[in-house]
Amino acid sequence: MVITKDTKIADVILKNHNLIPIISRFGIKFGFGDKSIKQICDSYDINADFFLEIVNAFNDKDYLPYRKLREMPLNLTVNYLLKSHYYYNKIKLPFIENLISQLEWKGEDAEKNKSVLKKFFSQYRKEVNEHIINEEKEIYPYILETEKNFLNRNNLNPEFTEKLKTKSITDYADTHEELNSALLDLKNIIIKYLNPPENREITEQVLTEIFRLEKDMADHTELEDKVIVPVAAEMEKELKKQL
Amino acid sequence: MTTNKVSFLILEKSYVIRSGLLKILGDFPETGKVYELEDSRFLFKVLSREQVDVLIVNAKLTVDLTDVLHKIRNKFDNLKLIIFVGTRRSEDNFPGFDLKISVDEPKTDIIEKLQKLIQKIKPPEKENLSEELSEREKDVVRQIALGKTNKEIGEVLFISTHTVITHRKNITRKLGIKTVSGLTVYAILNNLIKIDDAAQPA
Ligand SMILES: [Fe+2]
Ligand SMILES: [Fe+2]
């Protein structure tokens, strides 16, 4: 289904519950009645075109991927990505960590199982956090600066010109693959190798949350790898010609 | 793990039919990458650049089918060919193709045929069925969990770094675990090392 400005936001969510965390990230609260996307966006002061691109891209893999997003101001996408960083770091990862700490086993390996899973997850959290800090401190600001200077390329900021001489957006090491592998490993460990915990309900929740996180992060990474980085790289290339 | 997956290329103009085929292929756990083409312009480019095991081609392809078939058979002799036809009643034979499926066939028939073809391509080897690690591979997992590099592992076990890398690949394929932290968890859970000896997670 292609979502348009006139689509009722309630219908969107009823059709695809995977979009629930997305609309939360835009700050939209439930209880939207029969409001259309346009009405909701107006009342929350959200850029409706941008909102539509995000929900459509995440709703349907075949939706013309990211073409329009590439033409929009990058700070829209960057702001959205910042919100999802917050969601991972402050909401989702602590939530999963807490679930994992509730897993219980019987017998002699109980303590070992508990501690090894906890350690694995806290290591993963640390890696995600480092990745996010690097993006927020280095990559995003450089991307936004590149865009700003590109839009004002007849009058380049001298400080940025210096940066441009030594830096390149392609230098940033990419750890997306590594982070994704850690989640895949965790799924395999729980499904295949770990003694089943006593509390089955919590185990199922842990697994479900990991699958969701994986999907959410895959979409997030796509916006980085297919929208902001390549667009900024294009601009950077043009600007380097001017040096 | 991609090595024991089967990859497909669908050459089909209609989006509706392509999505239907994609959905059916998605039902097989063995299905790896699925490439899609609307026409044959880039067919040979994709075939030579990507690892494709099965080509599904519509019989109504505008260019001369026998010509394409001939070229494919000359260049890619391991490629399996499936012809996709409009109706099952069509008695047309398509010599040179490994399989014929039609638009009006029931799902179960199509699934059964595809299953047979996939098994022909990737017979479930004994080795693949048992995900048990060999003693040597267990040694390697133990060393990884102790935080050793490939070079150091080679020195401890008296094997070349190259052999270590091969072991690591097989370990990952068998276990479905790739990262050092993940392998460490596996080593601890299976008593290959004690939790206090693990280098990671720090
Ligand atoms: Fe990010
Ligand atoms: Fe990232």
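Computed from a prediction, not measured in an experiment: that's the story for all the values here. (Residues numbered from 1 in each chain as written. Chains lettered and ligands numbered in written order. Predicted model: local features only at pLDDT ≥ 70, side-chain atom pairs only at ≥ 80, totals over all residues. Heavy atoms only, no water.)

Here's the deal with the packing of helix α6 (residues 135–145) of chain B against helix α7 (residues 150–157) of chain B
Residues and elements named next belong to chain B.
- At their nearest, the axes of α6 and α7 sit 10 Å apart, and the two run at 130° to each other. By the criterion of interaxial angle, the relationship of α6 to α7 is oblique. Considering the relative orientation of α6 and α7, their crossing is right-handed. Judged by residue contacts, R136, D139, V140, Q143 and I144 of α6 engage I153, V156 and L157 from α7.
- When its residues are assigned to classes, the contact of α6 with α7 shows five nonpolar, one polar and two charged. (Axes fitted to C-alpha atoms, helices over the stretch in contact; angles between N-to-C directions. Helix = DSSP H or I, 4+ residues; strand = E, 2+ residues; numbered from the N terminus. Parallel < 35°, antiparallel > 145°, perpendicular 65-115°, else oblique. Left-handed = near helix turned anticlockwise from the far one by under 90°. Contact = heavy atoms within 4.5 Å. Nonpolar A, V, L, I, M, F, W, Y, C, P; charged D, E, K, R; others polar.)

What about unusual backbone geometry?
Residue and element names in this part refer to chain A.
- Residue D45 is not a glycine yet carries a positive backbone phi of 60°.
- Relative to the helices and strands, D45 resides in the loop between α3 (37–44) and α4 (48–59).
- A relative accessible area of 72% means that D45 is categorised as exposed. (Buried < 20%, exposed > 50% of the residue type's maximum accessible area, 1.4 Å probe, protein only.)

Re the pairing of strand β1 (residues 6–11) of chain B
All names here are of chain B.
- Counting buried positions along β1 yields six of six residues, so the element is predominantly enclosed.
- Every second residue of β1 is oriented toward a common face, with V6, F8 and I10 on one face and S7, L9 and L11 on the other, all of them buried.
- In this structure, β1 lies alongside strand β2 (residues 31–37), joined through five bridges in parallel fashion. In the sheet register, I10 faces β2, and the bridge partner there is E36.
- Chirality of the crossover, the property in question, places the unit of β1, helix α1 (residues 15–26) and β2 among those that are right-handed.
- Inspection of the sheet shows β1 paired to strand β3 (residues 54–58) by four bridges, in the parallel sense. The partner of L9 across the bridge, within β3, is L55. (Pairing = 2+ DSSP bridges. Right-handed = clockwise from strand over helix to strand, strands pointing away.)

Brief notes about the packing of α4(A) against helix α6 (residues 74–101) of chain A
Residues and elements named next belong to chain A.
- One way to put it is that α4 packs onto α6 with a least axis distance of 11 Å and a crossing angle of 60°. Judged by the angle between their axes, α4 and α6 are oblique. Considering how the two elements wind past one another, α4 and α6 form a crossing that is right-handed. Contact with α4, carried on its side by F50, I54 and F58, involves L76, T77 and Y80 of α6 and no other residues of that element.
- Of the residues belonging to the contact of α4 with α6, the class tally is five nonpolar, one polar and no charged.

As for helix α8 (residues 161–175) of chain B
- Helix length check: α8(B) (15 residues) gives 21 Å between terminal C-alpha atoms against 21 Å at 1.5 Å per residue, within 8%.
- Directly after α8(B), the chain includes B:G176, whose backbone phi takes a positive value near 75°. (Expected span 1.5 Å × (residues − 1).)

Description of the coordination of the iron ion (ligand 1)
All names here are of chain A.
- Protein coordination at the iron ion (ligand 1): the donors are H85 (NE2), E135 (OE), H220 (NE2) and E224 (OE), at 2.0 to 2.3 Å from the metal.
- The site at the iron ion (ligand 1) holds four donor atoms, and with the angles between them running 86 to 171°, its shape is irregular.
- All donors to the iron ion (ligand 1) come from one chain, and their sequence spacing reads H-x49-E-x84-H-x3-E.
- A separation of 3.1 Å is found between the iron ion (ligand 1) and the iron ion (ligand 2), which are bridged by E135. Of this pair, E135 sits in helix α7 (residues 110–151) while E224 sits in helix α10 (residues 200–242); the two residues are 89 residues apart in sequence, bridging distant segments of the chain.
- Of the residues examined, E224 reaches a relative accessible area of 3% and is grouped as buried. (Donors = N, O, S within 2.8 Å, 3.2 Å for Na, K, Ca; no water. Tetrahedral: all angles 85-135°; square planar, octahedral: opposite > 155°, others 65-115°.)

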